[in-house]
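Coordinates in review
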Amino acid sequence: MKCPVCGEKYNKLDYQMLARHLGQLCERNDSPRVDFVKYYAPGSNWLSNEFQNDVKQIFAHEKGHLGDWILSRFVQRIFGEKPHPFIESMQKPKKSVFQGYAIEYMAFHKQRIRSFAFAMAKSDKIDIQKLEAKLIFPELMEWSENITSQESLLEAMAESVGIPVETLSSSMPLPPTLHATRLWNSISENDSWLEIVTSHNLLDLVYSPLLGKSGAKLPYFGPFVLENEWIPDEVKTFLSHSVKTLAPIAEKALEYVVKYGEELGVSEDIQSVFLRSLEAFDRHLLARVTRARQFDSK
Ligand SMILES: [Zn+2]
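Predicted, not measured: the structure shown is a model, and the values here were computed from it.

A few words now on the overall build of the chain. Summing up its helical and strand segments, the chain has 14 helices and zero strands in all. For the chain, the succession of helices and strands along the chain, N to C, is α-α-α-α-α-α-α-α-α-α-α-α-α-α. The globule rule puts the C-alpha radius of gyration for 298 residues at 19 Å, and the 19 Å found for the chain is close to it. With the principal axes as the frame, the chain shows a C-alpha extent of 60 × 45 × 35 Å.

Quick look at the structure:
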């Protein structure tokens, strides 16, 4: 198993060593670990004998319910009692929300394609290769008129809210997005294909109605957004594509992650990498909000 904050490796099910590692670093006031423990094991004391059990509880799920654990962690972090500020801003979005979204998403998008390609190349499973191909090929097949790439939809969306393609492609993302893309790239280069699928394909569950069934208080965007007159068609097309095309692929990815995770006996590795990725995604979503505010103040 691995540390859900830094990825350090331990023997399978060695919660004792993991708890010791987390506890020692918390004791030194290492903020990522302290934040992690306070968030996922609130009220626990890293100096107590109970701490190992508290850490174990973070990973606990009933047999056969790894998928539910993943969905409920996603909901807890992004769609819970206090929804993520980006999700809140998408309920009644202003123009600046889409401007911030577009700029930060471009860097995220470029990493997505690389991560998917790594998963495809590293996996020996044809179903995984086909799944990743569905996401990669539309982005690279410029010669085909029948296939729409997400990048072209993103460019059209950005342009419709006043961001020219040149600005979109030359803008540097904010540090949290950069940090997140570096993490995803490092997972792609160093970790197993199943961890790559978990760290990146599952993020598209953000568009999925499955989250509603797992207790999400809000949808990815407010239901009236697609009918709202001021919102350009290009924005609506971009959002609809995420829900209609990307969400079902992510749901399929979740099925595979559960299936292979259990088959290969690596459920805890999947859980760890998912928590690491979710934290990075959370920060990337915040960067979209920060960028939107910058547009507001211009
Ligand atoms: Zn660690």
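Annotation of the chain at the domain level lists domain 1 (7-60) and domain 2 (62-296). Here the C-alpha centroids of domain 1 and domain 2 sit 28 Å apart.

Moving on, we get to the nonpolar core. Generally speaking, soluble globular proteins have nonpolar side chains that are buried together. Counting 69 residues, the largest nonpolar core has Ala102, Met157 and Leu202 as the members making the most contacts within it. Broken down by element, this core gets its largest block of residues, 12 residues, from helix α6 (residues 95-122). In this structure, Val5, Ala19, Leu22 and Val55 belong to the second largest nonpolar core, which totals 14 residues.

Relative to the helices and strands, Ile78 is located in helix α4 (residues 66-79). Spatially, the C-alpha atom of Ile78 lies 25 Å from that of Lys259, the residues being 181 residues apart in sequence. Not counting chain neighbours up to four residues away, the residues in contact with Ile78 comprise His84, Ile87, Val206 and Asp282.

Bringing the packing of α6 against helix α11 (residues 193-200) into the picture now. The interhelical angle for the contact between α6 and α11, taken along N-to-C directions, is 150°, at an axis separation of 8 Å. In terms of orientation, α6 and α11 fall into the roughly antiparallel class. Crossing angle aside, the handedness with which α6 passes α11 is left-handed. Taking contact as the criterion, the partners of Arg112, Ser115, Phe116, Phe118, Ala119 and Lys122 in α6 are, on α11, Trp193, Ile196, Val197 and His200. Taken together, the residues of the contact of α6 with α11 sort by class into six nonpolar, two polar and two charged.

The subject of this paragraph is the packing of helix α7 (residues 126-140) against helix α13 (residues 233-263). Taken N-terminus to C-terminus, the directions of α7 and α13 make an angle of 160°; their axes are 11 Å apart at the nearest point. On the basis of the axis angle, α7 is roughly antiparallel to α13. In this structure, the crossing between α7 and α13 has a hand that is left-handed. Of the residues in α13, those touching α7 at Asp127, Ile128, Leu131, Lys134 and Leu135 are Ile249, Lys252, Ala253 and Tyr256. Residue composition of the contact of α7 with α13, by class: six nonpolar, no polar and three charged.

Let's shift gears to the environment of Ile87. Tracing the backbone through its elements, the reader meets Ile87 in helix α5 (residues 85-89). Using a count of 21 C-beta atoms within 10 Å as the deciding quantity, one classes Ile87 as buried. Considered as a pair, Ile87 and Leu286 are 199 residues apart in the sequence and their alpha carbons are 9.7 Å apart. Residues contacting Ile87, with those up to four places away along its chain left out, are Ile78, Phe79, Leu218 and Tyr220.

Here is what the cut-offs are and how they apply
- Residues numbered from 1 in each chain as written.
- Predicted model: local features only at pLDDT ≥ 70, side-chain atom pairs only at ≥ 80, totals over all residues.
- Helix = DSSP H or I, 4+ residues; strand = E, 2+ residues; numbered from the N terminus.
- Rg over C-alpha atoms; globule rule 2.2 N^0.38 Å.
- Domains from an automatic or database assignment.
- Core = buried A, V, L, I, M, F, W, Y, C linked by C-beta atoms within 7 Å.
- Buried ≥ 20, exposed ≤ 12 C-beta atoms within 10 Å, placed from the backbone.
- Contact = placed C-beta atoms within 7 Å.
- Axes fitted to C-alpha atoms, helices over the stretch in contact; angles between N-to-C directions.
- Parallel < 35°, antiparallel > 145°, perpendicular 65-115°, else oblique.
- Left-handed = near helix turned anticlockwise from the far one by under 90°.
- Nonpolar A, V, L, I, M, F, W, Y, C, P; charged D, E, K, R; others polar.

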